[in-house]
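Chain by chain, the residues:
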Amino acid sequence: MVDKVIATDAALELIETLQQKYGELMFHQSGGCCDNSAANCYLPGELTIGAGDEYLGDIGGVPFYIGKAQYEYWKHTQLIIDVTEGRGGTFSLEGPEGQAFLTRSRLFSEEEWAALQAEQG
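I will try to describe carefully the structure that is included in this document. In this text the structure is predicted, and so the values were computed from the model without any measurement. (Residues numbered from 1 in each chain as written. Predicted model: local features only at pLDDT ≥ 70, side-chain atom pairs only at ≥ 80, totals over all residues. Heavy atoms only, no water.)

1. Some thoughts on the sheet that holds strand 4 (residues 53–59)
What links the strands of a sheet is backbone hydrogen bonding, and the strands pair in either a parallel or an antiparallel sense. Rules: Any two strands with at least two DSSP-identified bridges between them are counted as paired. Note on conventions: DSSP H or I runs of at least 4 residues are helices, E runs of at least 2 residues are strands, and numbering of each starts at the N terminus. Each axis is a line fitted through C-alpha atoms, and for a helix only the stretch in contact is used; angles between axes span 0 to 180 degrees, taken between their N-to-C directions.
The four strands lie next to each other as 3-2-5-4, forming an open sheet whose pairing is mixed. Of all the strands in the sheet, just strand 3 (39–42) and strand 4 have a single pairing partner and so form its edges. Here the strands of the sheet are splayed against their neighbours by 25° on average, with no regard to which way each runs. When strand 4 meets strand 5 (residues 62–67), the two strands line up antiparallel, connected through six bridges.

Below you can see the structure in the form of structure tokens.
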């Protein structure tokens, strides 16, 4: 199985810190607006997930979603959630920690892309 989203060790450490502080979490890759295109971390229920969102997988045991329209632009890439120093997104829980989640990406290999296509039927 090919992971559509993964996290660096630094991101996993920050996720663990936030889980200890807040408990259950969720991620949503925003589609722009105030936070540009950022991986935002929320408490469940702070953001409504619906038919317009795509579930990509879990990172650090936390579900990760992206808007379907935005996913169309990113579907050929594996999202890699990392961390950088500084204030996070306006709406994201990590802001007070002095760190921010950052989305990096890489193109899927031909083999990975074929496997993903086969999974979708």
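Next comes the rest of the account.
2. Re the sheet that holds strand 1 (residues 5–7)
Pairing is mixed in the open sheet, where three strands are placed in the order 1-6-7. What marks the edges here is a single partner per strand, and that holds for strand 1 and strand 7 (99–107). Averaged over all neighbouring strand pairs, the angle between strand axes comes to 30°, with direction disregarded. Bridging between strand 6 (residues 77–85) and strand 7 involves nine bridges; their strand directions are antiparallel. In the strand pairing of strand 7, threonine 77 is matched with leucine 107.

3. A closer look at the pattern of salt bridges
Counted only if it meets this: Between Lys or Arg on one side and Asp or Glu on the other, a salt bridge is scored when a side-chain nitrogen of the former is within 4 Å of a carboxyl oxygen of the latter. Here's how the labels work: a residue is buried when its accessible area is under 20% of the maximum for its type, exposed when over 50%, partly exposed in between, all with a 1.4 Å probe on protein chains only.
Across all of its chains, the model carries four salt bridges by this definition. The salt bridge involving aspartate 82 is made with arginine 104; its shortest N-O contact spans 2.9 Å. Pair noted here: aspartate 82 is in strand 6 and arginine 104 is in strand 7, with a separation of 22 residues, a long-range link. Since its relative accessible area comes to 41%, arginine 104 is described here as partly exposed. Put simply, arginine 106 and glutamate 112 hold a salt bridge, and the shortest N to O gap is 2.7 Å.

4. Describing the nonpolar core
The line we're drawing: What we call a nonpolar core is a set of buried Ala, Val, Leu, Ile, Met, Phe, Trp, Tyr and Cys residues that are connected through their side-chain atoms within 4.5 Å. Should any heavy atoms of two residues lie within 4.5 Å, those residues are counted as being in contact.
Grouped together as the largest cluster of nonpolar side chains are 22 residues, with contacts concentrated most on Phe27, Ile59, Phe64, Ile81 and Phe101. Going through the elements one at a time, strand 1, helix 1 (9–22), strand 3, strand 4, strand 5, helix 2 (68–74) and strand 6 are the ones with two or more residues in this core. Take this core: its biggest share by element is four residues, from helix 1. Each residue touching phenylalanine 64, except ones within four places of it in the same chain, is listed here: Val5, Phe27, Gln29, Ala39, Glu54, Tyr55, Leu56, Gly57, Asp58, Ile59, Leu79 and Ile81.

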